[in-house]
Amino acid sequence: MSATVFDTPLDERSLIEASAGTGKTYALAGLFARAVIVHRLAVPQILAVTYTVAATQELHERVRLRLHRASQLMAQWPGDDAHGDDDAETTLLRQLLHTALQDESVVALRLRLLRAVRDLDLAAITTIHGFCQRLLAEHALLAGQPLLATDIEPGNRAQRHRLAVKAWREGARTVDGADFLARTFGSLDTLAEDIRHLLAPEPLLPPASGFDACGQRAEAWRHLRRIFVAEGEASREALRQAVARRILSGAKDKTVPVEALWAWFAAQSEAPPRPHEDLWRLTRDALRNICLKNMESLVPDLALCGAVETFLIADEACDLQNLHALRAGVRAQDARDKRDAHVRDFDDLVEEVFRATRDPVTGPALATALRAQFPLVLVDEFQDTDARQWAIFESLFGEGGLLLVGDPKQAIYRFRGGDVDTYLAARATARIAAPLDRNFRSRPSVLSAVNALFEAATHADPSLLGDGIGFTGTAPGGRARDDDYAVDGTVAPAIVVQSVPPNPNVKKGTYNKDESIVIAARCCAIEIRDRLRAARAGHARRRD
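It should be emphasised that the depicted structure is a prediction, and the values quoted were computed from it without experimental measurement.

Looking at the environment of Ala-475
In this fold, Ala-475 is placed in strand 10 (residues 475-476). In contact with Ala-475, not counting residues within four places along its chain, are Asp-437, Arg-438, Asn-439 and Leu-447.

Pasting the structure below:
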């Protein structure tokens, strides 16, 4: 950790990679102290951003203790040269003070540290939303903000329900619109719950096609109708013969329901309908999937199948177009409601700053002002940063001291909207500092087990954690011991493997993703319950 604190550059873009329990907050407080003591930055010139209020409070307290202790040491300087009984924190501070005194007098440094302690209430240690709110208030003119008082109102259920009512009322004006809402959301309450996803800043994927998808759906249906009228009987006979000649499977759960589909075709008009639930069985891929062994070359190649595929693709594209239109309408209505009420939510703060940094006029001026205000920026939990937030940091502070601290392994889980691609893009442009590779939280046996498990797994499959994300083991670094957790007087195992019986409903006995998530959650919950019960009964003991 000393190498991380002493050697990481504070005047360029750097990245410190650190796993959970490796002392990130401790290191950040040390870097903050180094910036003040050695680099002579005033406390208000350092911006530290993390992602929860609790984390900002913890970091602020750590910084306060560091600077207060440094001021105490300077008050007694030079003091006794023998410091063998110093703890690690005091030793680190003495090294920083020695470095600073190489080109600064004792009196000057003592006065600067006294001022730093007094200025702690001015420290810019905040969340991303707190930073954006401060920027919009302090630099309103540069950011192009109206000079009107705006309240912060977090998104809530009532707001989402109001938006859902307006969206449903607007969408249900047409038969097709009402059908889309009913099929996609089922009810007004479901739409209200999904409003939060429609309002999310991340782009809706896949993107809209850019052409009139619903118009193409209507044309695809007319083409399909023409093919059916011209070749429907011949196609039906070809499918019957393919089953009779054992080219296609005739099994009840696989065969094409020819009679039902042809009756559905005959009942339709020129208006494009909702696809029959089994229409997909008429696609070429579906026919190939029910083809018997070595019969692939004999599968009927029907023009009707191609027309069905085109219609189904156009139908999906039309639904996607409707979803994009619904999202755009909801977001526009939300913006109008907030503008009329003079309120913003937390995401709006980030969006306003993002827009200001993208503006060719306000962006450069804002960056110049912010770089002068904050020569050093520390971003904690960087793996939780999304593309929009990173664009803000890069635009405003990319040319100065920008220090990122994050765990790439956590980026794959998208906590708080974090984006692994954003993390990798930022890492590619940053200088990689000495990592924090010692764990001060977990028992040594647990670390060994996790290291062995992931090292073997990633060796067998280097892309296991995702492209560009590797595994770096950690070593024990604190006072944690294996006997800190014992069950019935015996050291608890480092890792427990749960054996799950095969799925009785599937021939291969496997579980799909959703089923696996439920099983894993239940296993964890049962294990936690059992350990708490064991502790209550005196069979399990944990020592802090």
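Some remarks on the packing of aromatic side chains
Tallying each qualifying case throughout the model produces twelve aromatic pairs. Pairing Phe-228 with Phe-265 gives two aromatic rings, centres 4.5 Å apart and planes at 20 degrees, and the pair type is stacked. Residue Phe-228 is located in helix 10 (residues 213-244), and its partner Phe-265 is located in helix 11 (residues 258-266); the two are separated by 37 residues in the primary sequence. An identical accessibility class is assigned to Phe-228 and Phe-265; each is buried. Feature note: the residues Trp-221, Phe-228, Trp-262, Trp-264, Phe-265 and Phe-311 constitute an aromatic cluster, connected by ring pairs. Over the ring of Tyr-26 we find Arg-66, and its NZ or CZ is 4.1 Å from the ring centre.

What to know about the side chain of Ser-14
By secondary structure assignment, the location of Ser-14 is in strand 1 (residues 13-17). Not counting chain neighbours up to four residues away, the residues in contact with Ser-14 comprise Thr-8, Pro-9, Leu-402, Leu-403, Leu-404, Ala-430 and Arg-431.

As for the sheet that holds strand 12 (residues 490-491)
Across the sheet, three strands lie side by side as 12-11-13; this open sheet has antiparallel pairing. What marks the edges here is a single partner per strand, and that holds for strand 12 and strand 13 (540-542). Here strand 11 (residues 485-487) pairs with strand 12 via two bridges, running antiparallel. If you follow Val-487 over to strand 12, its bridge partner there is Thr-490.

Focus on a nonpolar patch on the surface
A grouping of Val-107, Leu-111 and Leu-114 is seen on the molecular surface, where their side chains present a nonpolar patch of about 270 Å² in accessible area. Looking at Val-107, the relative accessible area reads 51%, which means it is exposed.

A word on unusual backbone geometry
Note the cis peptide between Leu-205 and Pro-206, where omega equals -5 degrees. Inspection of the secondary structure puts Pro-206 in the loop between helix 9 (188-199) and helix 10. Positive phi, normally seen in glycine, also occurs at His-342, with a value near 55 degrees. Of the residues examined, His-342 reaches a relative accessible area of 38% and is grouped as partly exposed. We note that Glu-381 has phi near 50 degrees; this positive angle belongs to a residue other than glycine. Mapping Glu-381 onto the fold places it in the loop between strand 6 (376-379) and helix 16 (387-397).

What about the sheet that holds strand 7 (residues 401-406)?
If you walk across this open sheet you meet the six strands as 3-2-6-7-1-8, and the pairing is parallel. Looking at which strands have only one partner, the edges of the open sheet turn out to be strand 3 (124-127) and strand 8 (431-432). Where strand 1 and strand 8 come together, two bridges link them in parallel fashion. Looking at the pairing, Ser-14 lines up with Arg-431 of strand 8. Packed on one face of the sheet, helix 6 (residues 128-138) meets strand 2 (46-50) and strand 3 and runs near 115 degrees to strand 3.

Structural notes on the state of the cysteines
Tallying each qualifying case throughout the model produces one disulfide. Note that Cys-214 is cross-linked by a disulfide to Cys-318, the S-S spacing being 2.1 Å. A torsion of 90 degrees about the S-S bond marks the disulfide between Cys-214 and Cys-318 as right-handed. Placement of the pair is Cys-214 in helix 10 and Cys-318 in helix 13 (residues 303-341), with a sequence separation of 104 residues. Cys-214 gets classed as partly exposed once you look at its relative accessible area, which sits at 24%. A disulfide-free cysteine, Cys-305 has its sulfur positioned 13 Å from the sulfur of Cys-291, the nearest such atom. By relative accessible area, Cys-305 is classed as buried at 0%. Considering cysteine sulfurs only, Cys-524 is the nearest to Cys-523, which forms no disulfide, with 7.0 Å between them.

Comments concerning the pattern of salt bridges
Counted under the stated rule, the structure contains 44 salt bridges. The partner of Glu-17 in a salt bridge is Arg-427, with the nearest N and O atoms 2.9 Å apart. Linking Glu-17 in strand 1 with Arg-427 in helix 18 (residues 420-428), this pair joins segments that are 410 residues apart in sequence. Across the salt bridge formed by Glu-104 and Arg-112, the nearest N and O atoms sit 2.8 Å from each other. Overall, Arg-112 belongs to the partly exposed group, its relative accessible area being 21%.

Remarks on the pairing of strand 1
Note on strand geometry: in a regular strand, side chains alternate between the two faces of the sheet. Extensive coverage of strand 1 is indicated by the burial of five of its five residues. The side-chain alternation of strand 1 yields two buried faces, one formed by Arg-13, Leu-15 and Glu-17 and the other by Ser-14 and Ile-16. Pairing analysis gives five bridges linking strand 1 to strand 7, with the strands arranged parallel. Bridge pairing links Ile-16 to Val-405 in strand 7.

Details of the nonpolar core
Within soluble globular proteins, side chains that are nonpolar tend to cluster in buried spots. Counting 41 residues, the largest nonpolar core has Phe-32, Ile-37 and Leu-67 as the members making the most contacts within it. Put simply, the parts of the chain that give this core at least two residues each are helix 2 (24-37), strand 2, helix 3 (53-75), helix 4 (88-100), helix 5 (106-118), strand 6 and strand 7. Examining the composition of this core, we find that nine residues originate from one element, helix 2, more than from any other. The residues contacting Leu-67, other than those within four sequence positions of it, are Phe-32, Ala-33, Val-36, Val-43, Ala-116, Val-117 and Leu-120. Among the nonpolar cores identified, the runner-up in size contains 32 residues, and Tyr-51, Cys-132, Leu-366 and Ala-367 belong to it.

Re helix 5
Between its first and last C-alpha atoms helix 5 spans 19 Å; for 13 residues at 1.5 Å apiece the expected length is 18 Å, and the two agree. On its buried face, helix 5 is in contact with helix 2, helix 3 and helix 4.

Description of the side chain of Ser-71
Relative to the helices and strands, Ser-71 is located in helix 3. Beyond its immediate stretch of four places on either side in the chain, Ser-71 contacts Leu-113, Leu-114 and Val-117.

Conventions we followed
Residues numbered from 1 in each chain as written. Predicted model: local features only at pLDDT ≥ 70, side-chain atom pairs only at ≥ 80, totals over all residues. Heavy atoms only, no water. Helix = DSSP H or I, 4+ residues; strand = E, 2+ residues; numbered from the N terminus. Contact = heavy atoms within 4.5 Å. Phe/Tyr/Trp six-rings, centres within 6.5 Å; stacked < 30°, edge-to-face > 60°. Buried < 20%, exposed > 50% of the residue type's maximum accessible area, 1.4 Å probe, protein only. Lys NZ or Arg CZ within 6 Å of the ring centre and 35° of its normal. Pairing = 2+ DSSP bridges. Patch = residues over 30% accessible without salt bridge, like charges linked within 9 Å, V, L, I, M, F, W, Y side chains within 5 Å. Areas by Shrake-Rupley, 256 points an atom, 1.4 Å probe, with all protein chains shown as cover. Salt bridge = Lys/Arg side-chain N within 4 Å of Asp/Glu carboxyl O. Axes fitted to C-alpha atoms, helices over the stretch in contact; angles between N-to-C directions. Disulfide = S-S within 2.5 Å. Core = buried A, V, L, I, M, F, W, Y, C linked by side-chain atoms within 4.5 Å. Expected span 1.5 Å × (residues − 1).

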